[in-house]
Structure formats: C-alpha cells, structure tokens
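One-letter residues, chain by chain:
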Amino acid sequence: MALCAQDAVWWEADAVRPGREISPLDRWALKEKSELLKQYNAGGFPYVTLRLANVFGPKENTIRYWLLHLWIKACVGLTLPLHLDTSLKEVPISLTYTPDIAQAVKLSIAKGLQELHAEVKLKEKQSKSEGKKGRSILGEAFNLACEEMPDQRVLYNYIGEPAGMPYVETIDAPPNRSIVLYPDNLRGPVSIAKAQELLRWSPTGLTKALRSVARFYERIMLEGKKHKSEIEYTYRKIQAMMGQDGPRFVEWTRARYAEKRKTELYDELDDEDEDDIILARKDVSRKKPKKPKGEL
C-alpha cells in the first residue's frame, strides 16, 4: 500500500493487492482473506468493508482513551508529561469515533438493501432502461474517520480542554522509550470523501466528540460504583503502563475523585443516560414519544 503523494492521505484505492513480487505462500494467505469477495462476485452474499482509523470513544475496550484522559489530568500535578514520540509527533492522526461507526453501519445496510431491491425490480421488469442509479456501494470499502487530523501535541490539547486542563505538559521521547496511546495505526491519515459521497455519511466534529467522551469518563469516575471493576482494571493498566510512577499515579487519581465526590453533585447513570452522553449528535430517526391529549 502506498501513500497518495498528492494530498498525503490514504484512499481506499491505495490498498492494492500485491502481485508476483511476494512469495507464493503469502499469496495463498491473501487468497484465503479474499474469500468474501470471491463469493460475492459469484453471486453470493453482498457486503461492504468499513475501514477504521485510530478508534476512540466510550466503552472502547482497549481503554486507551480512558488512560490518556487520566494521564492528561495528572500530567501537571504529578509532573508526568505526556510523551511526544519523535518519529510520530508531526504525523497527522485520523481518528474514528465509535458512534460514527454505528451510523456508517446503519447507512450501509439501508443503502445496500435499497440497491438489492432495485436489482430485484429490474429483473422482474426485464428492462435495461430502469437500472440502478448512481454508483453501487456493494463490495466497496469505505474509510471512516473524523475530518480533523491533529498531530500528537494538538490531540493532547484537544483532549485537555474538556478535561479542564489549561495546558498539557509534554516531552519529546525516542520511539524505543515513548509511551504512545495514539496513534496505534501508524499508516497515516485517511480520506473519508468516498464514505461522505456514496454513503452520505457525516462524521461528528472531533472536538465535539472529545467533549462527549471526556464527559462520559468523568461521570464514570465520579459515580465510582456501577463500573467499579472496569475502574480497577484501568488502575492496573496504569500501573503496568507507567512502571515506577504507576502507584503514585493511581493514588493521586483515587484521591482526586474521592475529593470531588464530596463537593460535586452527580447521579447514577442508567443506560439511557449514558446513550445521551455518548451520542454527540442527535439521531433524527428516533421518533419522539407522543404526548397524551391535553398535556402541555
């Protein structure tokens, strides 16, 4: 795969399958991975491929963002500056917000079913003049990411703003000594033009998504009970990630949220509350419940 030199982003078409330059064994392994395409071309199950960049969001099971959120909040108080990997710090980062993935899945299914229905009607009418309009999405790949592409330093500042940090301390670190949570996908930024054009997909603005996720994790840490096992797991990950600084990082974080619980009002979150926090953009397909007659 080669980076598009014209605008320094990856396009879906840049994922070109290797030819005879690779070994027969590697080609055989690739053939096994292309079984879905082979079946589809033979009249099998229709599909689309959604390609994700550096994923972030609430309940994202690698908890990388959660760790980064807490590190940014502690970086000044504990003198633990975040690492700027010297090999990556000027590389733009594409980020994929988890609720935007759900939106893309929904749009893909709806448009795919629409196309399949049109194909059935065409076969029934036996008319070539009533073919599908527009380019098909079936069998296609789509990159999904926010439009903004910050580098590491800018990303930390974006995350710090809703976390209540006036500034974020950073330090340059060589690749073999840096702790890097984002990016984990090192191929560089991607173009999302194809998904916007064909799926009519629209990603959430990055700063809006980051505010939503920051609010989610702050509420989780403040409430402290419903997700107690996940919080303790996060503390263990902090210990492993930060080495000798891990214990004081954990104790500082525990003490900070214990103190905040004494002074800040919060409510336990149910699933619907969490959805309202997570979804930075309203789902227009959700119908509002009708009010009984006579009720204001």
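You'll find the structure just up there.
So, here is what we can say about the structure in this document. None of the values given here were measured: they were computed from a predicted structure. (Residues numbered from 1 in each chain as written. Predicted model: local features only at pLDDT ≥ 70, side-chain atom pairs only at ≥ 80, totals over all residues. Heavy atoms only, no water.)

**Some points on the overall build of the protein**
A tally of regular secondary structure across the protein gives 10 helices and 6 strands. Taken across its 296 residues, the protein has 38% of its residues classed as buried. For the protein, the proportion of contacts with a sequence separation of at least 24, taken over those separated by at least 6, is 84%. As displayed, the protein has an accessible area near 18000 Å², and 54% of this comes from carbon and sulfur atoms. (Helix = DSSP H or I, 4+ residues; strand = E, 2+ residues; numbered from the N terminus. Buried < 20%, exposed > 50% of the residue type's maximum accessible area, 1.4 Å probe, protein only. Contact = heavy atoms within 4.5 Å. Areas by Shrake-Rupley, 256 points an atom, 1.4 Å probe, with all protein chains shown as cover.)

**Focus: the side chain of threonine 96**
In this fold, threonine 96 is placed in strand β4 (residues 95–97). If we skip the residues at most four places from it in the chain, threonine 96 touches Leu52, Ala53, Asn54, Val55, Phe56, Ile101, Leu144 and Ala145.

**Things to note about the pattern of salt bridges**
Between side chains of opposite charge, a pair can form when the charged atoms approach closely. If you walk through the whole model with that rule in mind, you get 9 salt bridges. Across the pair glutamate 140 and lysine 194 runs a salt bridge whose closest N-O atoms are separated by 2.6 Å. With glutamate 140 in the loop between α4 (98–125) and β5 (141–144) and lysine 194 in helix α6 (residues 193–199), this pair connects stretches of sequence that are 54 residues apart. The partly exposed category is assigned to glutamate 140, whose relative accessible area is 23%. Under the relative-accessibility criterion, lysine 194 is labelled buried at 13%. Across the pair arginine 248 and aspartate 245 runs a salt bridge whose closest N-O atoms are separated by 3.2 Å. On the basis of relative accessible area, arginine 248 is assigned to the partly exposed category, the value being 37%. (Salt bridge = Lys/Arg side-chain N within 4 Å of Asp/Glu carboxyl O.)

**Structural notes on the packing of aromatic side chains**
Taken as a whole, this structure holds 5 aromatic pairs when the rule is applied. Between tyrosine 65 and tyrosine 217, the ring centres sit 6.2 Å apart and the planes meet at 20°, which makes this aromatic pair stacked. Remark: tyrosine 217 occurs in helix α7 (residues 206–223) and tyrosine 65 occurs in helix α3 (residues 64–74); sequence separation between them is 152 residues. Its relative accessible area of 1% is what places tyrosine 65 among the buried residues. Geometrically, the ring pair formed by phenylalanine 216 and tyrosine 217 is edge-to-face, given 5.1 Å between the ring centres and 75° between the ring planes. Since its relative accessible area comes to 3%, phenylalanine 216 is described here as buried. Each member of the aromatic cluster is reached from another via a ring pair, and the members are Phe56, Tyr65, Trp66, Tyr97, Phe216 and Tyr217. Note that arginine 64 overlies the ring of tyrosine 182, its terminal NZ or CZ placed 4.3 Å from the centroid. Lying across the ring of tyrosine 257, arginine 256 places its NZ or CZ 4.8 Å from the centre. (Phe/Tyr/Trp six-rings, centres within 6.5 Å; stacked < 30°, edge-to-face > 60°. Lys NZ or Arg CZ within 6 Å of the ring centre and 35° of its normal.)

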